Amino acid sequence: MAAEDRGPEGGERVQIVEVGPRDGLQNEDRTLPVQDRVELVERAVAAGADRVETVSFVNPRRVPQMAGAEEIMASLSEPARAASIGLVLNRKGLDRALEAGVGEVNVAVPATDGFSVRNQGTTVEAMLETLAGIDGALAGTGVSLSVTVSTAFGCPFDGEVPAERVVEVVRRIADTSAEEIALADTIGVGVPRQVSDLLRRSQEVAGDRTLRCHFHNTRNTGYANALAAVDAGVRVLDSSLGGFGGCPFAPAATGNIGTEDLLYMLHRSGLRTGVSLSGAIEVAEWMGERLGKMPPAYLSRAGAFPA
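The rules we used
- Residues numbered from 1 in each chain as written.
- Predicted model: local features only at pLDDT ≥ 70, side-chain atom pairs only at ≥ 80, totals over all residues.
- Heavy atoms only, no water.
- Helix = DSSP H or I, 4+ residues; strand = E, 2+ residues; numbered from the N terminus.
- Buried < 20%, exposed > 50% of the residue type's maximum accessible area, 1.4 Å probe, protein only.
- Pairing = 2+ DSSP bridges.
- Right-handed = clockwise from strand over helix to strand, strands pointing away.
- Polar contact = N/O pair within 3.5 Å; in protein donor to acceptor, adjacent residues only side chain to side chain.
- Salt bridge = Lys/Arg side-chain N within 4 Å of Asp/Glu carboxyl O.
- Contact = heavy atoms within 4.5 Å.

Student: Now, about the environment of Pro306: what can you tell me, with residues and values included?
Tutor: Considering the arrangement of structural elements, one finds Pro306 in the segment after helix 13 (299–302). The sequence separation of Pro306 and Gly245 amounts to 61 residues, and the corresponding C-alpha distance is 28 Å.

Okay, structure coming up:
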């Protein structure tokens, strides 16, 4: 496999956080069995992903597609376990995540009460307090903490989200030991100029925390937003193999930007991800077969260039 398949040699590095096994599958009608989800994680790691959002430690009655988190973690190879990120929303979820042996815990803190109450059953302020408790409990465990600010670019219930509101949430998160803060366009309403502005403001209060971005292509702006984030200095981006994904608690929140499409754009722009484009296309097609649908991303249909 040619080196260029993972981006040009010597190109500046952009890290991809593969979210397909969690965010990619949580909104699908078909629930994949544990063995298929384990294979998906292993295939993603084999393609070069060194961080994979693998499981969600939430109540399976709320998100049945994510049931079996402990079984999945127990079945992974050591490299895949080390790359695994587990979504945690409360102390009970944290206890499960630590027992399962995830390498990283990610906590989602919405920017709006409208989404927070419907998605997580609590207010933003209460989630920030929960985050502080999780942060304290992680001390000495060796497990890293990242935090995602969901609905940072718009909310399906509260509408427009003032940038000042997002920046205040980022500032509060920066008071914890979180190594990374992700700004998430949960419903795919952001545009490039908004991305640039919000990142500039967030950088002013984030201190030495790494900023990451998570985009959906709901309104066909996801890839433009990703490039705007890179132009603003972001070097960590979320994406989902095949472009599968969405949020079951946000109306019309369709697919994440597709990993293979993002790789094509970044590699052709002279950036190196270390993730195999051809490998990502193969995994996306494999996912489509198991989900019984064509991947929403385009590279499975169009192919890379030059062929």
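Student: Residue-level account of the pairing of strand 5 (residues 104–108), with values.
Tutor: In terms of residue burial, strand 5 counts as a mostly covered element, since five of its five residues are buried. Residues of strand 5 alternate between two faces, with Glu104, Asn106 and Ala108 on one and Val105 and Val107 on the opposite face, all of them buried. When strand 4 (residues 84–88) meets strand 5, the two strands line up parallel, connected through four bridges. When the bridges of strand 5 are listed, Ile85 appears paired with Glu104. Once the chain exits strand 4 it traverses helix 5 (residues 91–100) before rejoining the sheet at strand 5, and the crossover so formed is right-handed. Where strand 5 meets strand 6 (residues 144–149), five bridges bridge the pair, whose relative direction is parallel. What sits directly across from Asn106, in strand 6, is Ser146.

Student: Any details on the side chain of Asn119? Residues and values, ideally.
Tutor: Tracing the sequence through the fold places Asn119 in helix 6 (residues 113–120). Of note is the side chain of Asn119, whose polar atom sits 2.9 Å from the side chain of Gln120.

Student: Which residues make up the pattern of salt bridges, and what values do they have?
Tutor: Evaluation of the coordinates by the stated rule reveals 21 salt bridges. Between Asp197 and Arg201 there is a salt bridge whose closest N-O contact spans 3.1 Å. In this pair, Asp197 and Arg201 are both assigned in helix 9 (residues 192–205), four residues apart and thus about one turn of the helix distant. By relative accessible area, which is 26% here, Asp197 ends up partly exposed. The structure contains a network of salt bridges with shared partners spanning Arg51, Glu104, Glu180, Arg212 and Asp238.

Student: Tell me about the environment of Ile16, and please be specific about residues and values.
Tutor: Relative to the helices and strands, Ile16 resides in strand 2 (residues 15–18). For the pair formed by Ile16 and Arg212, sequence separation is 196 residues and the distance between their alpha carbons is 9.8 Å. Contact partners of Ile16, with chain neighbours within four places excluded, come to Asp50, Arg51, Leu237, Ser239, Thr259, Leu262, Leu263, Leu266, Thr273 and Val275.

Geometric descriptors of this kind do not, in isolation, establish any biological role.
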